[in-house]
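Each chain, letter by letter, is given below.
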Amino acid sequence: GTGATAAAIGDTALQKATGNARVAGTQYNPSANLYRSVATLSYTATAAITEWGLFTASTSGTLFDRFVFSAINVVNGDSIAFTFTLTLTAGG
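Small disclaimer: the values here were computed from a predicted structure and weren't measured. (Residues numbered from 1 in each chain as written. Predicted model: local features only at pLDDT ≥ 70, side-chain atom pairs only at ≥ 80, totals over all residues. Heavy atoms only, no water.)

### Focus on the side chain of Arg 66
Tracing the backbone shows Arg 66 in strand E4 (residues 63-74). A polar atom in the side chain of Arg 66 sits 2.8 Å from the side chain of Glu 51. Those residues in contact with Arg 66 that sit more than four places away from it in its chain are Thr 5, Ala 6, Ala 7, Ala 8, Asp 11, Ala 13, Leu 14, Gln 15, Glu 51, Trp 52 and Gly 53. (Helix = DSSP H or I, 4+ residues; strand = E, 2+ residues; numbered from the N terminus. Polar contact = N/O pair within 3.5 Å; in protein donor to acceptor, adjacent residues only side chain to side chain. Contact = heavy atoms within 4.5 Å.)

Below, the structure written as structure tokens:
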């Protein structure tokens, strides 16, 4: 997305989605206490991408995580690979 408002616990969507379709990430466990999802988004227009979200479904779904960052400028034909890693504490 292109929103710039800081992520908050109550977020349910990106602040300003680009209109790109959501893509399924490749999910795996690189070690015992890690979950990782990697997804590549392709762009067909010029934009300054400033936010990313992980959802539980390709349409609708629940926003699991949202992150706001410095702009990554894209043009038609560009793509960005986003990586999400969740670290779980052993035994708890």
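And the narrative resumes.
### Re the confidence of the model for the protein
This prediction gives the protein a mean pLDDT of 93; 99% of its residues lie at or above 70. The spread of mean pLDDT over the elements of the protein runs between strand E1 (residues 26-28), the lowest at 93, and E4, the highest at 96. (pLDDT = per-residue confidence, 0-100.)

### Notes on the side chain of Glu 51
Here Glu 51 lies in strand E3 (residues 47-55). In terms of polar contacts, Glu 51 uses its side chain to reach the backbone amide nitrogen of Gln 15, at 2.9 Å. Those residues in contact with Glu 51 that sit more than four places away from it in its chain are Gly 1, Thr 2, Gly 3, Leu 14, Gln 15, Lys 16, Ala 17, Arg 66, Phe 67, Val 68 and Phe 69.

### Focus on the environment of Ile 49
Its place among the elements puts Ile 49 in strand E3. Sequence-wise, Ile 49 and Gln 15 are 34 residues apart; in three dimensions their C-alpha atoms are separated by 12 Å. When neighbours within four sequence positions are excluded, Ile 49 is seen to be in contact with Gly 1, Thr 2, Thr 18, Tyr 43, Phe 69, Ser 70, Ala 71, Ile 72, Val 74, Ile 80 and Phe 82.

### As for unusual backbone geometry
A negative phi angle characterises most non-glycine residues, just as the trans form characterises most peptide bonds. Positive phi values are uncommon outside glycine, yet Ser 60 reaches one of about 55°. Assignment of secondary structure puts Ser 60 in the loop between E3 and E4.

### Points about the nonpolar core
Core analysis: the biggest nonpolar cluster contains eleven residues, these being Leu 41, Tyr 43, Ala 47, Ile 49, Trp 52, Leu 54, Phe 69, Val 74, Ile 80, Phe 82 and Phe 84. Beyond its immediate chain neighbours, meaning those up to four positions away, Tyr 43 contacts Asn 20, Ile 49, Val 74, Val 75, Asn 76, Gly 77, Asp 78, Ser 79, Ile 80 and Phe 82. (Core = buried A, V, L, I, M, F, W, Y, C linked by side-chain atoms within 4.5 Å. Buried < 20%, exposed > 50% of the residue type's maximum accessible area, 1.4 Å probe, protein only.)

### Some details on the pattern of salt bridges
Counted according to the given criterion, the structure contains two salt bridges. A salt bridge links Arg 66 to Asp 11; the nearest nitrogen and oxygen atoms lie 2.9 Å apart. Residue Arg 66 is found in strand E4, and its partner Asp 11 is found in the segment before E1; the two are separated by 55 residues along the sequence. One connected set of salt bridges, linked through shared partners, spans Asp 11, Glu 51 and Arg 66. (Salt bridge = Lys/Arg side-chain N within 4 Å of Asp/Glu carboxyl O.)

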